[in-house]
2 protein chains.
Amino acid sequence: MTEKQQQDIYPSMTITTDQSEQKIAPIKLGERLKEIRTTLGLTLEEASQKTGLARSTLSKIENEQISPTFQAMQKLTDGLQIDIPQLFAAPKQMNTTGRRDITRNELGKPHPTSTYEHELLATQLTNKKMMPFKSQIRARSFDAYGDWIRHDGEEFLLVLSGEITFFSEYYEPVNLSEGDSVYYDANMGHMLISVSEEDASIIWVTAS
Amino acid sequence: MTEKQQQDIYPSMTITTDQSEQKIAPIKLGERLKEIRTTLGLTLEEASQKTGLARSTLSKIENEQISPTFQAMQKLTDGLQIDIPQLFAAPKQMNTTGRRDITRNELGKPHPTSTYEHELLATQLTNKKMMPFKSQIRARSFDAYGDWIRHDGEEFLLVLSGEITFFSEYYEPVNLSEGDSVYYDANMGHMLISVSEEDASIIWVTAS
DNA sequence: ATAAAAAGTTTCCTTTTGGAAACTTTTTAT
DNA sequence: ATAAAAAGTTTCCAAAAGGAAACTTTTTAT
């Protein structure tokens, strides 16, 4: 692609209004999309499958050869499970007396269930606002025995390793990999399974 | 949380993996745009002047006859001086009883400070009981500028990678490595430094 | 080092967007 | 109530997006 074409697609143009001149800051949507896709570990083909947009189209969007329609962008955000504002977010940069309770790695209070291993963290403190756990979900097993898990309060969950699928009552199942997280109302039915070969390790925190 | 409550979290269950397809409410961009334009008291002609889009084009977008390209949407948001999120603000939450917010790895909302990189997670949901963050602490740097950090509520922190020292007002400093965690009252002065060669990565959750 | 496979890009073509102007509907003035 | 003006919609066409497949580059396997 030529420099000319790029200019044509995202010109830094000025529009004259009754008040003043305003510059349209060229947002590098393509760059951003590529960043997101690669962060999700997807190839163009996989992204194509998830979004329903042709591989070629995705390539052209990423290389700023075309400007996607709103329709296309919805397919993107829907398929990749991201929010539109994220698409537009500027590329991220790389780069009293008190109580205190340390829990060393692997040394939480065990709380086994039939299908997975829970470890309660910070058990020395009582009357906490939050309850943190670390759990191992054995490969290809459910964390529940079939029915939705449901309880008061809110829950935050982050995947430390492995890959899980997060099922919930009102949403599509979604795959979560290392570093991905989800926050949800815990009275909405929810359930996890580990979908990778290895066991999955997660931490989660509840608050009511 | 009590032992009783934990029992409630994992009741005995029977299998019913309901993966019913639930479509996310399509955003009515046209409707939304018309709402915005009329709220601003603009005619199509005036909006056309401000945005540089033809009157006919605006009409067609508002009546959902065409799907605007990203380019066109930029002209819209820039010309009407509105935020992208405003354009996409869903008219109303679906009939869901539950809320859910996925944050992909590295795709939280950046919140840089002078000494370390915060990433807010689950920023789509408001009125949450908890606030989850992921942070990178640069090797050998403080997370604060000398004085204690102090704020309302409680905090839970877990080290994802690297090694940090956790200082707090009423306790001896303590080293935390991967997998270690600490729960503390946040109104007790606290502070972190990264003590290994590599940057440290932590997740932390606050609740007030 | 080479072949095969996978990932990514470009080409070619069809469909759809976006703009100018014609047309229709609504509002304002008399 | 009617004419004129303003606002909004539709038509027509040029320009750009989206998809299938050919093509090129990169990665993996031998």
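See above for the structure.
Worth saying up front: this structure is predicted, and the values here are computed from it rather than measured. (Residues numbered from 1 in each chain as written. Chains lettered and ligands numbered in written order. Predicted model: local features only at pLDDT ≥ 70, side-chain atom pairs only at ≥ 80, totals over all residues. Heavy atoms only, no water.)

## Quick look at the protein's contact with DNA strand C
Inspection of the region around DNA strand C gives 23 residues, with S56 and Q65 of chain A together with T57, K60 and S67 of chain B positioned closest. At a separation of 3.1 Å, a phosphate oxygen of DNA strand C approaches a polar backbone atom of A54 of chain B. T57 of chain B places a side-chain nitrogen or oxygen 2.8 Å from a phosphate oxygen of DNA strand C. Elements supplying a minimum of two residues to the surface near DNA strand C: α4 (55–62) of chain A together with α4 (55–62) of chain B. (Near = heavy atom within 4 Å. Polar contact = N/O pair within 3.5 Å; in protein donor to acceptor, adjacent residues only side chain to side chain. Helix = DSSP H or I, 4+ residues; strand = E, 2+ residues; numbered from the N terminus.)

## Description of α4 of chain A
All names here are of chain A. Among all positions in α4, only L58, I61 and E62 are buried. Along the axis of α4, the buried residues cluster in a sector spanning 95 degrees; they form a single face. Check the buried side of α4 and you find it contacts α2 (29–39), α3 (44–51) and α5 (70–79). Phi turns positive, to about 55 degrees, at E64, one or two residues after α4. (Buried < 20%, exposed > 50% of the residue type's maximum accessible area, 1.4 Å probe, protein only. Arc of directions from axis to C-beta. Contact = heavy atoms within 4.5 Å.)

## Things to note about the protein's contact with DNA strand D
Looking at DNA strand D, there are 23 residues lining it, with K60 and S67 of chain A together with L44, S56 and Q65 of chain B nearest. The separation between a base oxygen of DNA strand D and a polar side-chain atom of K60 of chain B is 3.3 Å. Listing elements by their share of the surface near DNA strand D, those giving two or more residues are α4 of chain A together with α4 of chain B.

## Overview of the sheet that holds strand β7 (residues 171–177) of chain B
Residue and element names in this part refer to chain B. Ordered by their spatial adjacency, 3 strands build an open sheet running β7-β6-β9, and the pairing between neighbours is antiparallel. Lying at the two open borders of the sheet, with one neighbouring strand each, are β7 and β9 (190–194). Strand-to-strand, the axes of this sheet are offset by a mean angle of 20 degrees, without reference to chain direction. Note that strand β6 (residues 163–168) and β7 share 5 bridges and pair antiparallel. The residue bridging F166 from the neighbouring strand is V174, located in β7. (Pairing = 2+ DSSP bridges. Axes fitted to C-alpha atoms, helices over the stretch in contact; angles between N-to-C directions.)

## Some words on the side chain of S201 of chain A
Assignment of secondary structure puts S201 of chain A in strand β12 (residues 200–207). Discounting chain neighbours no more than four positions away, the residues touching S201 of chain A are K134, S135, Q136, L158, V159, L160 and S161 of chain A.

## A few points about the nonpolar core
The nonpolar side chains of soluble globular proteins are, as a tendency, buried together. Grouped together as the largest cluster of nonpolar side chains are 22 residues, with contacts concentrated most on M130, F156 and L158 of chain A together with M130, F156, L158 and I203 of chain B. Secondary-structure elements contributing two or more residues to this core are β7 (154–161) and β12 of chain A together with β5 (154–161) and β10 (200–207) of chain B. Once residues within four sequence positions are removed from consideration, I203 of chain B is found in contact with F156, L158 and I203 of chain A together with F133, K134, F156, L157, L158 and L160 of chain B. Listed in part, the 20 residues of the second largest apolar core include L120, Y171 and A200 of chain A together with I102 of chain B. (Core = buried A, V, L, I, M, F, W, Y, C linked by side-chain atoms within 4.5 Å.)

## Observations concerning the packing of helix α3 (residues 44–51) of chain B against α4 of chain B
Residues and elements named next belong to chain B. In contact at an axis separation of 8 Å, α3 and α4 are set at 110 degrees when each is read in the N-to-C sense. Relative to α4, the element α3 lies roughly perpendicular. Residues L44, E45, A47, S48 and T51 of α3 touch α4, and the partners they reach there are R55, L58, S59 and E62. (Parallel < 35°, antiparallel > 145°, perpendicular 65-115°, else oblique.)

## Comments concerning the pairing of β5 of chain B
Residue and element names in this part refer to chain B. Counting buried residues in β5 gives 7 out of 8 residues, a clear majority hidden from the surface. Across 5 bridges, β5 lies against strand β8 (residues 181–185) in antiparallel orientation. Each bridged residue has a counterpart across the sheet, and for F156 the counterpart in β8 is Y183. The pairing of β5 with β10 spans 7 bridges and is antiparallel. Bridge assignment links E155 to a residue of β10, and that residue is T206.

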